[in-house]
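# Examination of the molecular architecture
Here are the chains, one letter per residue:
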Amino acid sequence: MRISLHGLLSRSSLCRVAILTPLAVLLSGCDAVVLSPAGDVAARQRDLLLISTGLMLLIIIPVLALTVLFAWRYRAANTDARYEPDWDHSTQLELAIWGAPLLIIICLGAITWTGTHLLDPYRPIERIVSGQPVKPGTEPLKVQVVALDWKWLFIYPQLGIATVNELAAPVDRPISFEITSATVMNSFYIPALAGQIYAMPAMQTRLSAVINAPGDYDGFSANYSGAGFSGMKFRFHGQSVADFDAWVAKVRKAGGALGRDGYLALEKPSENEPVRYYASVDADLYHAALNMCVQPGKMCMDEMMHIDAKGGGGVASINNVLPQAADKYARRASPLTASPTFVAALCTVAEPMGVVSADTSSSRIFPRDPAGITGAGLPKPGLSNASLPRLRPFSIAGLGQPS
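Residues numbered from 1 in each chain as written. Predicted model: local features only at pLDDT ≥ 70, side-chain atom pairs only at ≥ 80, totals over all residues. Heavy atoms only, no water.

## Quick look at the sheet that holds strand 7 (residues 175-181)
Taken in spatial order, the seven strands make up an open sheet running 10-7-3-4-5-14-13, and their pairing is mixed. Each of the sheet's edge strands pairs with one partner strand only, and the pair in question is strand 10 (205-209) and strand 13 (256-258). Across this sheet, the average inter-strand angle for adjacent strands is 30 degrees, counted without regard to direction. Sheet analysis places strand 5 (residues 161-164) next to strand 14 (residues 276-281), joined by three bridges and oriented antiparallel. Each bridged residue has a counterpart across the sheet, and for T163 the counterpart in strand 14 is Y277. Strand contacts of helix 5 (residues 260-267): strand 3 (141-148), strand 4 (151-156), strand 5, strand 13 and strand 14, with the helix running at about 50 degrees to strand 3, the strand carrying the most contacts. (Pairing = 2+ DSSP bridges. Helix = DSSP H or I, 4+ residues; strand = E, 2+ residues; numbered from the N terminus. Axes fitted to C-alpha atoms, helices over the stretch in contact; angles between N-to-C directions. Contact = heavy atoms within 4.5 Å.)

## Here we look at the nonpolar core
Residues Y156, L167, F177, F188 and F236 are the most contacted members of the largest nonpolar core, which totals 42 residues. Leaving out residues up to four positions away in the same chain, F236 has contacts with L167, A168, A169, I175, I190, L193, I211, G215, D216 and Y217. The next biggest cluster of nonpolar side chains, apart from the first, holds 20 residues, and it includes V146, A182, L266 and A289. (Core = buried A, V, L, I, M, F, W, Y, C linked by side-chain atoms within 4.5 Å. Buried < 20%, exposed > 50% of the residue type's maximum accessible area, 1.4 Å probe, protein only.)

## Overview of unusual backbone geometry
With omega at -10 degrees, the peptide bond leading from D149 into W150 counts as cis. For N165, which is not glycine, the phi dihedral falls at a positive 60 degrees. If you trace the backbone, N165 turns up in the loop between strand 5 and strand 6 (166-170). Positive phi values are uncommon outside glycine, yet M292 reaches one of about 55 degrees. You can see M292 is positioned in the loop between helix 6 (285-290) and helix 7 (301-309).

## Quick look at the state of the cysteines
Tallied over the entire structure, the rule returns one disulfide. Here C293 pairs with C300 through a disulfide, and the sulfurs are 2.0 Å apart. Residues C293 and C300 are joined through a disulfide that is right-handed, its torsion about the S-S bond being 75 degrees. Both residues of the pair, C293 and C300, count as buried. (Disulfide = S-S within 2.5 Å.)

## A short note on the pattern of salt bridges
Per the counting criterion, the structure on display carries 10 salt bridges. Between R206 and E178 there is a salt bridge whose closest N-O contact spans 3.2 Å. With R206 in strand 10 and E178 in strand 7, this pair connects stretches of sequence that are 28 residues apart. Look at R206 and you get partly exposed, because its relative accessible area is 31%. For D218, the salt bridge goes to R235, with nearest N and O atoms at 2.2 Å. Taken together, the residues D218 in strand 11 (residues 215-221) and R235 in strand 12 (residues 233-239) connect sequence positions 17 residues apart. (Salt bridge = Lys/Arg side-chain N within 4 Å of Asp/Glu carboxyl O.)

## Remarks on the packing of helix 2 (residues 40-73) against helix 3 (residues 91-118)
Packing of helix 2 against helix 3 brings their axes to within 10 Å, and their N-to-C directions diverge by 175 degrees. Looking at the two axes, helix 2 sits roughly antiparallel to helix 3. From helix 2, R44, L48, I51, S52, L55, M56, L58 and I59 reach across to helix 3, where they touch A100, P101, I104, C107, L108, I111, G115 and L118. (Parallel < 35°, antiparallel > 145°, perpendicular 65-115°, else oblique.)

## Quick word on the pairing of strand 12
In terms of burial, strand 12 is largely enclosed, as five of its seven residues are buried. Bridging between strand 6 and strand 12 involves five bridges; their strand directions are parallel. Its bridge partner lying in strand 12, A169 is registered against G238. Where strand 11 lies against strand 12, six bridges are found, and the strand directions are antiparallel. Bridging from a neighbouring strand, Y217 pairs with F236 of strand 12.

## Observations concerning the pairing of strand 14
Both strand 13 and strand 14 contribute to a ladder of three bridges, which runs parallel. By the bridge assignment for strand 14, L258 is matched with V281. Note on the crossover from strand 13 through helix 5 to strand 14: the handedness is right-handed. (Right-handed = clockwise from strand over helix to strand, strands pointing away.)

## Quick notes on helix 5
Among the residues of helix 5, Y263, L266 and E267 are the ones counted as buried. Buried residues of helix 5, seen end-on, are gathered within an arc of 100 degrees and therefore sit on one face of the element. (Arc of directions from axis to C-beta.)

Take a look at the structure:
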């Protein structure tokens, strides 16, 4: 049976094409933004990754090469290879086997320790790029980030504006992110800008970064958070100062106002949300979102922790609860469980906690909303203040008497 050389080459070429074509198709969808970022922090993280990989390859490549060399040299057909069945030790070989990896581990440890501290996301930006430090007195652009289901809310407290699923910053200006979540844990990630940082409910994380080149970059959640996770994406615009000012003007012109009621509506789960602009935003909205007290009348977590740190609110605080109006965690009340409630704020500017009887000897403190408050020891809603039980007055160390 005769097969031409041309036929063999043709079959070989077809095999290579058949193998490489699917690989090329798969690689065509890859984006090398992590290896060619536009932000100095991400670039330094990239350098740390490449240096660490190179140091590890100093061991991996020789081991792989020697594996092939030994298999070839000491093959059964090679009668010229030295045969020493009684050999069991070589000091020089032991030093090479253990010394080289030890030196590489020391180098990796030193580089990782240094890089971890220099690239700490909480560490303020000290340089724009290599050789260009941040000018003294430069104020970072502050952005407050709230991860919602399934969208991103960005608040610019210095500018008094807010956006949904769109973020912008001027080139070569430090950015200071404050990040939290309204529901479950998410991960805030702009590959071209810096590494990912987690967004967690009732907690705040920080990220300091700078963008060095104009462009439109991808941003998304890198932590699965439910049904709408795949659409939880946004665009990050790196702009010149003039373009950023124009963008701010566009937001102020096209947007409305974002208050607590608007936030509670925005907080409801929704998928593939379009970009939204808000020309104004409540100054304390992020604080309320962070401390889980956007709902009117709900006690903020920092206030609760402060009260606990001062010794607690006493017996009267047992009854300081209100029924949950909107249950964003989708809990369902059942005959065996109580209806969802939350701890009510002790007092607010708009509505004091309660009314203290004019007769100080009576020591009567009336809850601020007896018709809506529920809890152990309280009467059924609808009773008058006169029929409420007598409660002992209480004070919180360092806070004084309730207003």
